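Reading the structure
The residues making up each chain are set out below.
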Amino acid sequence: MRVVDQQAGSYAEFEAFVAGAAGRLLHVALLLTGEPDSARRLLAGALARTYANWRRLRGDDPYDFTRQELCTAFARTGWRHHGGAGVLARLSPPERLVLVLRLYEGVAEEVAAAQLGMPVERVRVLCNRAVAALRGRGAA
């Protein structure tokens, strides 16, 4: 009986997390992919992995974990999402990923570099290139 109560409590906590964070996470996924259907699939996979690791996340921020899962999945499949619609469509997948993490999510360069497995300087270059491309688009 106690195991069932714990599982029900875990599910209720996860459900509350999803209710509070899914909107922002979906927006992150949409910024990355530029396609609503792809964004929903990407988010569903990240949330499934979060739920699978829910008990191990005690004391950790589930939002950070889910965002990292979302970004990792996008990094693996970014070539599928090249183009798409929206303001960021002209950026390469790595530029979009870095720009969304750094500017939309406010993740520090060092943290973004660690999460993406790249040097800090590479994150800086990608972010600067993406911003320059977007500024150039407005001037054209």
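Residues numbered from 1 in each chain as written. Predicted model: local features only at pLDDT ≥ 70, side-chain atom pairs only at ≥ 80, totals over all residues. Heavy atoms only, no water.

Before going further, it helps to spend a moment on the overall build of the protein chain. Scanning the protein chain from N- to C-terminus turns up six helices and zero strands. Going from the N terminus to the C terminus, the protein chain shows its helices and strands as α-α-α-α-α-α. With 140 residues in all, the protein chain has 40% of them scored as buried. Partitioning the contacts of the protein chain with sequence separation of at least 6, the portion at a separation of at least 24 is 60%. Summing over all exposed atoms, the protein chain offers an accessible surface of approximately 7,900 Å²; the carbon and sulfur share of this is 57%. (Helix = DSSP H or I, 4+ residues; strand = E, 2+ residues; numbered from the N terminus. Buried < 20%, exposed > 50% of the residue type's maximum accessible area, 1.4 Å probe, protein only. Contact = heavy atoms within 4.5 Å. Areas by Shrake-Rupley, 256 points an atom, 1.4 Å probe, with all protein chains shown as cover.)

Turning next to the environment of Val-28. Along the polypeptide, Val-28 turns up in helix H1 (residues 2–33). The class of Val-28 is buried, set by a relative accessible area of 1%. Ignoring anything within four residues of it in the chain, the contact list for Val-28 reads Tyr-63, Leu-70, Val-100, Tyr-104 and Glu-105.

One recurring pattern in soluble globular proteins: nonpolar side chains tend to sit buried together. Among the nonpolar cores identified, the biggest contains 34 residues, and Phe-17, Leu-25, Val-28, Leu-32, Tyr-63, Leu-70 and Leu-99 are the most heavily contacted of them. Looking at this core, the elements that each hand over two or more residues are H1, helix H2 (36–52), helix H3 (62–77), helix H4 (93–104), helix H5 (109–116) and helix H6 (120–139). Per-element tally for this core: the top contributor is H1, with seven residues. Setting aside chain neighbours within four positions, we find Leu-25 in contact with Phe-17, Leu-43, Tyr-63, Thr-66, Arg-67 and Leu-70. (Core = buried A, V, L, I, M, F, W, Y, C linked by side-chain atoms within 4.5 Å.)

Bringing the environment of Leu-47 into the picture now. In this structure, Leu-47 sits in helix H2. Separated by 22 residues in sequence, Leu-47 and Leu-25 have C-alpha atoms that sit 9.6 Å apart. If sequence neighbours within four positions are ignored, Leu-47 has contacts with Phe-14, Phe-17, Val-18 and Thr-66.

For the rest of this paragraph, the subject is the side chain of Glu-105. Locating Glu-105 in the fold gives a position in the loop between H4 and H5. In this structure Glu-105 comes out as buried when scored by relative accessible area, which is 12%. In this structure the side chain of Glu-105 is engaged in a polar contact, spanning 2.9 Å, whose partner is the side chain of Tyr-63. (Polar contact = N/O pair within 3.5 Å; in protein donor to acceptor, adjacent residues only side chain to side chain.)

Following both chains from N to C, one finds H3 and H4 inclined at 165°, their axes separated by 10 Å at the closest point. As judged from the angle between their axes, H3 and H4 are roughly antiparallel. The handedness of the crossing between H3 and H4 comes out as right-handed. Taken together, the residues of H4 that come into contact with H3 (itself represented by Arg-67, Cys-71, Phe-74 and Ala-75) are Pro-93, Leu-97 and Leu-101. Among the residues forming the contact of H3 with H4, the class breakdown is six nonpolar, no polar and one charged. (Axes fitted to C-alpha atoms, helices over the stretch in contact; angles between N-to-C directions. Parallel < 35°, antiparallel > 145°, perpendicular 65-115°, else oblique. Left-handed = near helix turned anticlockwise from the far one by under 90°. Nonpolar A, V, L, I, M, F, W, Y, C, P; charged D, E, K, R; others polar.)

What follows covers the packing of H4 against H5. What describes two packed helices is the angle between their axes and the distance between those same axes. Orientation of H4 relative to H5, taken along the N-to-C sense of each, is 140°, at an axis distance of 10 Å. Classified by the interaxial angle, the pair formed by H4 and H5 is oblique. In this structure, the crossing between H4 and H5 has a hand that is right-handed. Between H4, through Leu-97, Val-98, Leu-101 and Arg-102, and H5, the contact on the second element is made entirely by Glu-109, Ala-112, Gln-115 and Leu-116. In the contact of H4 with H5, the residues fall into five nonpolar, one polar and two charged.

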